[in-house]
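The lines below spell out each chain.
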Amino acid sequence: MPTIEWTEDDRTRSAAWHSESGAAAPERVVVIDDAITATAAYALARKGTGLLWRGDFHNGRQLLSAMARRVDLALARRGGRRGSRGPRGGGVAASATEGEKITRAFLAQRRAREDRARILGRLIVELGADFSLDLRRAPDVREACRDAYGDPTSAMCVSLTELQGVLSARGWHETGVPIPSLDARIHPRYGVFSPVRGEYIELVARAPIPAGTRTAFDLGTGTGVLAALLARRGVESIIATDINGRAVECANENFARLGCADRARAIEADLFPEGRADLIVCNPPWLPARPTSALELGIYDEDSSVLHRFLEGAAEHLNPGGEAWLIISDLAEHLGLRTRADLLERIAAAGLHVIDRLATAPTHGRATDASDPLHAARSREVTSLWRLAADG
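Note that residues are indexed from 1 along each chain, following the sequence as it is written. Reporting in this predicted model follows two pLDDT cut-offs: at least 70 for local features of residues, and 80 or more for side-chain atom pairs to be given and counted; totals over whole chains, interfaces and linings ignore these cut-offs and use all residues. Each side-chain value is worked out from all heavy atoms of the structure, with water and hydrogens disregarded.

**Side note on the pattern of salt bridges**
If the charged atoms of two oppositely charged side chains come close together, the side chains can form a pair.
Phase 1: Salt bridges are defined as contacts in which a side-chain nitrogen from Lys or Arg sits within 4 Å of a carboxyl oxygen from Asp or Glu. Summed over all chains, the structure comprises 23 salt bridges.
Phase 2: Between Glu20 and Arg246 there is a salt bridge; the shortest N-O distance is 2.7 Å. Placement of Glu20 in the loop between strand E2 (11-17) and strand E3 (29-32) and of Arg246 in helix H8 (residues 245-258) is noted, with a sequence separation of 226 residues between them.
Phase 3: In this structure, a network of salt bridges that share partners links the residues Glu8, Arg13, Arg54 and Glu126. Helical segments are the DSSP runs of H or I of at least four residues, strand segments are the runs of E of at least two, and each set is numbered from the N terminus.

**Regarding the environment of Val235**
Phase 1: With respect to the helices and strands, Val235 occurs in the loop between helix H7 (225-232) and strand E10 (237-242).
Phase 2: Val235 gets classed as buried once you look at its relative accessible area, which sits at 1%.
Phase 3: Residues Val235 and Arg309, spaced 74 residues apart in sequence, show a C-alpha to C-alpha distance of 24 Å.
Phase 4: A contact between two residues is defined here by any heavy atoms of the two lying within 4.5 Å. Residue contacts for Val235: discarding those within four places in its chain leaves Ile209, Thr213, Arg214, Thr215, Ala216, Leu230 and Arg263. Residue exposure (1.4 Å probe, protein chains only): buried if accessible area is under 20% of the type maximum, exposed if over 50%, otherwise partly exposed.

**Focus on the confidence of the model for the chain**
Phase 1: pLDDT expresses how confident the predictor is about each individual residue, on a scale running from 0 to 100. Here the chain shows a mean pLDDT of 90. Residues at 70 or above account for 91%.
Phase 2: Segment residues 84-95: pLDDT under 50, and 17 contacts once partners within four positions in sequence are set aside and those in other chains are kept.

**Section: the pairing of strand E11 (residues 264-268)**
Phase 1: In this scheme, strands are said to pair when DSSP sees at least two bridges between them. As judged from the 5 bridges shared by E10 and E11, these two strands associate in the parallel manner. When the bridges of E11 are listed, Ile239 appears paired with Arg265.
Phase 2: As for the winding sense of the linkage, the β-α-β connection from E10 through H8 to E11 is right-handed. When the strands point away from the viewer and the connection leading from the first strand across the helix to the second strand turns clockwise, the crossover is called right-handed.

**So, H8**
Phase 1: Any helix carries an expected span of 1.5 Å times its number of residues minus one. The end-to-end C-alpha distance of H8 is 20 Å, a good match for the 20 Å that 14 residues give at a rise of 1.5 Å each.
Phase 2: Within H8, the full set of buried residues consists of Ala247, Val248, Cys250, Ala251, Asn254, Phe255 and Leu258. Looking down the long axis of H8, one finds its buried residues gathered within 165 degrees of arc, a one-sided arrangement.
Phase 3: Elements in contact with the buried residues of H8: strand E8 (184-186), H7, E10 and E11.
Phase 4: Nitrogen and oxygen atoms within 3.5 Å of one another constitute a polar contact, given that in protein one can donate a hydrogen and the other can accept it, and given that sequence-neighbouring residues count only through two side-chain atoms. Two to three positions downstream of the cap, the backbone nitrogen of Arg246 sits 2.9 Å from a side-chain oxygen, assigning the N-cap of H8 to Asn244.
Phase 5: Positive backbone phi, at 75 degrees, marks Gly259, one or two positions downstream of H8. What the arc measures is the spread of directions leading from the helix axis to the C-beta atoms.

**Focus: the sheet that holds E11**
Phase 1: As summarised here, the arrangement of the 7 strands in space is E11-E10-E9-E12-E13-E15-E14, forming an open sheet in which the pairing is mixed. Among the strands making up the open sheet, the edge pair consists of E11 and strand E14 (352-360). Neighbour-to-neighbour, the strand axes of the sheet open up by a mean angle of 20 degrees, direction not taken into account.
Phase 2: Strand direction decides the pairing type here: strand E9 (residues 215-219) and E10, joined by 5 bridges, are parallel. Each bridged residue has a counterpart across the sheet, and for Leu219 the counterpart in E10 is Thr241.
Phase 3: Across the sheet, helix H6 (residues 199-206) lies against strand E13 (318-329), E14 and strand E15 (383-390), angled at about 120 degrees from E14, the strand it touches most.
Phase 4: To obtain an axis, a line is fitted to C-alpha atoms, over the contacting stretch when the element is a helix, and the angle between two such axes runs from 0 to 180 degrees between their N-to-C directions. Strands in contact with H8 are E10 and E11; relative to E11, the strand with the most contacts, it is inclined by about 170 degrees.

**Observations regarding the packing of aromatic side chains**
Phase 1: The aromatic pairing rule takes the rings of Phe, Tyr and Trp, using the six-membered ring of Trp, and pairs them if the centres are within 6.5 Å, calling planes under 30 degrees apart stacked, those over 60 edge-to-face and the rest tilted. Tallied over the entire structure, the rule returns 4 aromatic pairs.
Phase 2: The interplanar angle of 15 degrees and the centroid separation of 6.4 Å between the aromatic rings of Phe272 and Phe310 together place this pair among those described as stacked. Placement of the pair is Phe272 in the loop between E11 and strand E12 (277-282) and Phe310 in helix H9 (residues 305-317), with a sequence separation of 38 residues.
Phase 3: Since its relative accessible area comes to 16%, Phe272 is described here as buried.
Phase 4: Distance and angle both matter: a charge sits over a ring if NZ of Lys or CZ of Arg is within 6 Å of the ring centre and within 35 degrees of the ring normal. Between Arg110 and the ring centre of Tyr300, over which it is positioned, the NZ or CZ distance is 3.8 Å.
Phase 5: For Arg357, the ring lying beneath its charged end belongs to Trp386, and the centroid distance is 5.3 Å.

**Brief notes about the nonpolar core**
Phase 1: Here, nonpolar core refers to any group of buried Ala, Val, Leu, Ile, Met, Phe, Trp, Tyr and Cys residues whose side-chain atoms link them within 4.5 Å. Leu230, Phe255, Phe310, Leu311 and Leu326 are the most contacted members of the largest nonpolar core, which has 57 residues in total.
Phase 2: Per-element tally for this core: the top contributor is H7, with 7 residues.
Phase 3: Discounting chain neighbours no more than four positions away, the residues touching Leu230 are Val204, Ile209, Ala216, Val235, Ile238, Leu279, Val281 and Trp325.
Phase 4: The next biggest cluster of nonpolar side chains, apart from the first, holds 38 residues, and it includes Leu64, Val71, Leu75 and Leu123.

**Observations concerning the pairing of strand E1 (residues 3-8)**
Phase 1: What you see with E1 is a clean split: Ile4, Trp6 and Glu8 sit on the buried side and Thr3, Glu5 and Thr7 on the side with no burial.
Phase 2: Of the pairings in the sheet, the one linking E1 to E2 comprises 6 bridges and is antiparallel in character. Across the sheet, Glu5 pairs through a bridge with Ser14, a residue of E2.

Here is the structure:
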């Protein structure tokens, strides 16, 4: 890990820098405490200065919230100014089609979120060599950090936003996410996409499993929820894969909790495992855009790489008479990032054909939030399970 340095009590100190999102270590770090104002902290963070917090823990959280309000206000003002200048300034031209406006709104929202994360990520805290947090009124974060980072090796600095994510993930890991189709809870770990949107799970729960199906692959398993559901539905042997080692551990933990570890096993692999299966299930990231953190790998897939590789490799990994299930939202189509024609062309080019398509509308809050700049696209979103089979 890179190292950051700062001056404190008239001497130079240093610690390792850790960022799950891959954010660069700040080149300049100043020590701040409860005496600083949110306006001053925001101004320093905007210039790229790392702000090492030494004040009260809860005051640090309040400072972060106050900085976030200033960031949001600045981004809203910037968006308004750009919108009045048309596409050259990055806004939306009056003559643009509705589809072009939605695409530009999505891209602008992505840039704004990256800017927001970068600025707020400059408020940092130091964790001791045992992951202890030496701040007034600070909670004991050691176990949560061990869950996220593994065993500690030395003192390190992380952003306060990342630490809050670690603490939140610990809560989700302990309580779990209820999955009605399983009549049980799935327990996500830090850095593993949580199955909070249940519509895609319900599609797998009601899709007809082909007669004679004994083996299955679940590609990009995450928490293992779909593999566990297939096991619950009677599939005898399931290999679940994920490129994220945390996800592999998380999935195997969930299989053990749910009593299906004798039928489902997660391994680390970049998509397909060796061999063939009667059923291959893949719920790839839905939006073709560049992810900015490990967690976003569950949402964003640059150039639709995972989707394309799944389609291209499905036929050669299916047993005769088997099916490949593609579970994907059409939000990218409504955002102008992918077309339905392109998807169907790629299915055909991969030597596959569509047997059936099951579809459902999302039920999450953003689908009905009229204040969302992407509401026009989200309100039309449909999640589908495409049942595919190999030609011939």
